[in-house]
There are 2 protein chains.
Amino acid sequence: MINLNRDTVVPLYHQLSEILKELIQSGQIPAGTKLPSERELMDRYHLSRNTVRQAIDLLVHDGFVYQDHGKGNYSIGPFLNIQYRIDTFVEHSEFLRRVGSTPTYKNFGTDEIVAPEEVRKALRLGENELVVCFTKLFFANNEPAILTLDYLPRKLLGDNYDRTGSGDAYIRLLEEINGRMVKFTLSDIVAMNATQEIAEYLNLTPGSSILLFQETFLDPSKNVPLGFASNYYHPNIHFRILRHRLNP
Amino acid sequence: MINLNRDTVVPLYHQLSEILKELIQSGQIPAGTKLPSERELMDRYHLSRNTVRQAIDLLVHDGFVYQDHGKGNYSIGPFLNIQYRIDTFVEHSEFLRRVGSTPTYKNFGTDEIVAPEEVRKALRLGENELVVCFTKLFFANNEPAILTLDYLPRKLLGDNYDRTGSGDAYIRLLEEINGRMVKFTLSDIVAMNATQEIAEYLNLTPGSSILLFQETFLDPSKNVPLGFASNYYHPNIHFRILRHRLNP
DNA sequence: CAGTGGTCTAGACCACTGT
DNA sequence: CAGTGGTCTAGACCACTGG
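Predicted, not measured: the structure shown is a model, and the values here were computed from it.

Visitor: It is not clear to me how the overall build of chain A should be interpreted in this structure. Could you clarify?
Guide: When its secondary structure is counted, chain A shows seven helices and eleven strands. With the C-alpha coordinates of chain A rotated into their principal frame, the extents come out at 65 × 50 × 40 Å. Here chain A, with 248 residues, has 53% of them falling under the buried criterion. Partitioning the contacts of chain A with sequence separation of at least 6, the portion at a separation of at least 24 is 58%. About 11800 Å² of surface is accessible on chain A, with carbon and sulfur atoms providing 48% of the total. The distance from the centre of the 26 positive side-chain charges to the centre of the 30 negative ones in chain A is 8 Å.

Have a look at this one:
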């Protein structure tokens, strides 16, 4: 059994949830099986009840565990594919890390173009305004995972801007340029058939179905668009969301 | 200022989160404004820090508040009214009405089959358990819009169940059978190439890309799966979601 | 430096489930 | 009844932010 490391900055509840998640993902706690009780986990890992519950909360939130009052905490079972909750977002590299892979990325150049219509509308640009488009491909364990086209109005950039798009994190570039936090994206979710070009990037057959997120990055007030990106996801990345019912 | 009621079964953290949420929704804590600090809320409502944090956690999770380490908890502001928002759901007919069309629907029969794997896992059924599958097609202005396969465990239905799946609303059928409200769905979002059969239903070319929502219907505790459905959306139906950023 | 959120402990009592 | 998760308290120390 893996033990906790108390000499690291990683919180104990996070470590415990990773241990339990691994037991679920590896099939050692199959779907429908009861987890050790919270008091048992307290004793076994020398943690307080609250810390154990923080760990379980993470697993519940991520869909690995469900709780039954008076009975116990139960495994929902392993996720077969990469999954992620889409009501939140993080940087692409962090995203790939969170779904359990090692992220890398590669730049595929920088273009100055007239803003495509969806970009122009999202960023409230004028007709024929120029934008800079950074093309990057993110890999998970060296397999292509996400193709991103990040757009920025040309006028916001100086004459000798960083042609690499400031490394892997478009969000941080946005924050640097605009001087405000990026707290939200408004994302349109589209299913599309991979074009020849996209299929080559993602190592797919042209025509196969992929998810495209067209994301408008917003400041904390949700009123000011700061940036726009098109993200093309490899089909083995799955998305999940908890939806709540509106009253009729 | 509203106060807490300590003589009710409603948890204190839930009451506090409702109070704060109302202050945000009504504009009394506008977007970007700092909330009272956690210690201030402790004093004002005579609560422990953990209870205050439980309340804030709810607001963070629901997208009303973001947290900044060392600075404070900030209001994100009231929710905008965005059409097609996928973090909420309504019945299909109501959905089509809300996007501005006239909904109709047609039943395409009822099958008793062994539960497919995704259904079995979602509903926590045993191997080879039978489910009943209701196939329906929803039209928007007489154009095919959503193909739905609604599943129910065979054992929950009597011998002479309604072969029509109780009209257009699978949710209401679920509520009738289980005796509990359907408040949530956990939805997997998948891009897929339309099969020959699906293409015929939706009047598409086979192979064209469509969105599939695989939905597990949950009771209010989010712990009990009540039903499962696969919804295939015609490409002219678009989805949008507001995502908030997680702290790294 | 004081004030903030982030983490953690060691208790307590309750409501719910099964025997 | 004993065992479970659900809620709550009253502390503590840490890391981060800003003046």
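Moving on from the model shown.
Visitor: Even after reading the chapter, I still don't get the protein's contact with DNA strand D, so can you show me in this structure?
Guide: The immediate surroundings of DNA strand D are formed by 26 residues, with Arg-39 and Arg-53 of chain A together with Leu-12, Tyr-13 and Thr-51 of chain B found nearest. What you see for DNA strand D is that sugar and phosphate hold 61% of its atoms within 4 Å of the protein. The separation between a phosphate oxygen of DNA strand D and a polar side-chain atom of Thr-51 of chain B is 2.9 Å. Contributing elements (two or more residues each) for the surface near DNA strand D: α2 (38–45), α3 (49–61), β1 (65–68) and β2 (72–75) of chain A together with α1 (12–25) and α3 (49–61) of chain B. Of the residues that constitute the surface near DNA strand D, the class distribution is four nonpolar, 13 polar and nine charged.

Visitor: Help me out: how do you make sense of the environment of Leu-23 of chain A in this one?
Guide: All names here are of chain A. On the secondary structure map, Leu-23 appears in helix α1 (residues 12–25). The class for Leu-23 is partly exposed, based on a relative accessible area of 24%. Taking the C-alpha atoms as reference points, Leu-23 and Glu-127, separated by 104 residues in sequence, lie 55 Å from one another. Once residues within four sequence positions are removed from consideration, Leu-23 is found in contact with Gln-28 and Ile-29.

Visitor: Would you take a moment to explain the environment of Val-60 of chain B for this structure?
Guide: Residue and element names in this part refer to chain B. Residue position: Val-60 is located in helix α3. Expressed as a C-alpha distance, the spacing of Val-60 and Val-114, which sit 54 residues apart in the sequence, is 41 Å. Beyond its immediate chain neighbours, meaning those up to four positions away, Val-60 contacts Val-65, Gln-67 and His-244.

Visitor: Would you mind showing me how to read the protein's contact with DNA strand C here?
Guide: Near DNA strand C, the surroundings consist of 26 residues, among which Leu-12 and Tyr-13 of chain A together with Arg-39, Arg-49 and Arg-53 of chain B are the closest. Taking all atoms of DNA strand C within 4 Å of the protein, the share assigned to sugar and phosphate is 61%. Here a phosphate oxygen of DNA strand C and a backbone polar atom of Ser-48 of chain A are 3.0 Å apart. Take Arg-53 of chain B: an N or O atom from its side chain is 2.8 Å from a phosphate oxygen of DNA strand C. When residues of the surface near DNA strand C are traced back to their parent elements, those giving at least two are α1 and α3 of chain A together with α2 (38–45), α3, β1 (65–68) and β2 (72–75) of chain B. Considered class by class, the residues forming the surface near DNA strand C number four nonpolar, 13 polar and nine charged.

Visitor: Where do I start with the domain arrangement of chain A in this structure?
Guide: It is common to give the size of an interface as the accessible area that goes away when the parts come together. Domains assigned within chain A are domain 1 (12–75) and domain 2 (82–240). The gap between the C-alpha centroids of domain 1 of chain A and domain 2 of chain A is 35 Å.

Visitor: Any chance you could explain the nonpolar core here in plain terms?
Guide: Soluble globular proteins tend to pack their nonpolar side chains together in the buried interior. Core analysis: the largest hydrophobic core is formed by 33 residues, its most contacted members being Ile-86, Phe-95 and Ile-189 of chain A together with Ile-189 of chain B. When neighbours within four sequence positions are excluded, Ile-86 of chain A is seen to be in contact with Ile-189, Phe-213, Phe-239, Arg-240 and Ile-241 of chain A together with Ile-86, Ile-189, Ile-241 and Arg-243 of chain B.

Visitor: I keep staring at unusual backbone geometry and nothing clicks. Help me out?
Guide: Note: most peptide bonds trans; most residues except glycine with negative phi. Positive phi, normally seen in glycine, also occurs at Arg-124 of chain A, with a value near 55°. By the element assignment, Arg-124 of chain A lies in the loop between α5 (117–123) and β6 (130–140).

Visitor: So what exactly am I meant to see when it comes to the interface of chain B and chain A here?
Guide: Between chain B and chain A, the residue contacts involve 53 residues of the former and 49 residues of the latter. Inspection of the region where chain B meets chain A yields five salt bridges. Between Asp-188 of chain A and Arg-240 of chain B there is a salt bridge, and its shortest N-O distance comes to 2.8 Å. Across the chain B-chain A interface, the total number found is 17 residue pairs in polar contact (both at pLDDT 80 or more). Those elements that provide at least two residues to the side of chain B that touches chain A are α3, β1, β3 (88–89), α5 (117–123), α6 (170–178), β7 (184–193), β8 (209–218) and β10 (239–245) of chain B. In the side of chain B that touches chain A, the residues fall into 25 nonpolar, 13 polar and 15 charged.

Conventions adopted
- Residues numbered from 1 in each chain as written.
- Chains lettered and ligands numbered in written order.
- Predicted model: local features only at pLDDT ≥ 70, side-chain atom pairs only at ≥ 80, totals over all residues.
- Heavy atoms only, no water.
- Helix = DSSP H or I, 4+ residues; strand = E, 2+ residues; numbered from the N terminus.
- Buried < 20%, exposed > 50% of the residue type's maximum accessible area, 1.4 Å probe, protein only.
- Contact = heavy atoms within 4.5 Å.
- Areas by Shrake-Rupley, 256 points an atom, 1.4 Å probe, with all protein chains shown as cover.
- Lys, Arg positive; Asp, Glu negative; His and termini not counted.
- Charge placed at Lys NZ, Arg CZ, Asp CG, Glu CD.
- Near = heavy atom within 4 Å.
- Polar contact = N/O pair within 3.5 Å; in protein donor to acceptor, adjacent residues only side chain to side chain.
- Nonpolar A, V, L, I, M, F, W, Y, C, P; charged D, E, K, R; others polar.
- Domains from an automatic or database assignment.
- Core = buried A, V, L, I, M, F, W, Y, C linked by side-chain atoms within 4.5 Å.
- Salt bridge = Lys/Arg side-chain N within 4 Å of Asp/Glu carboxyl O.

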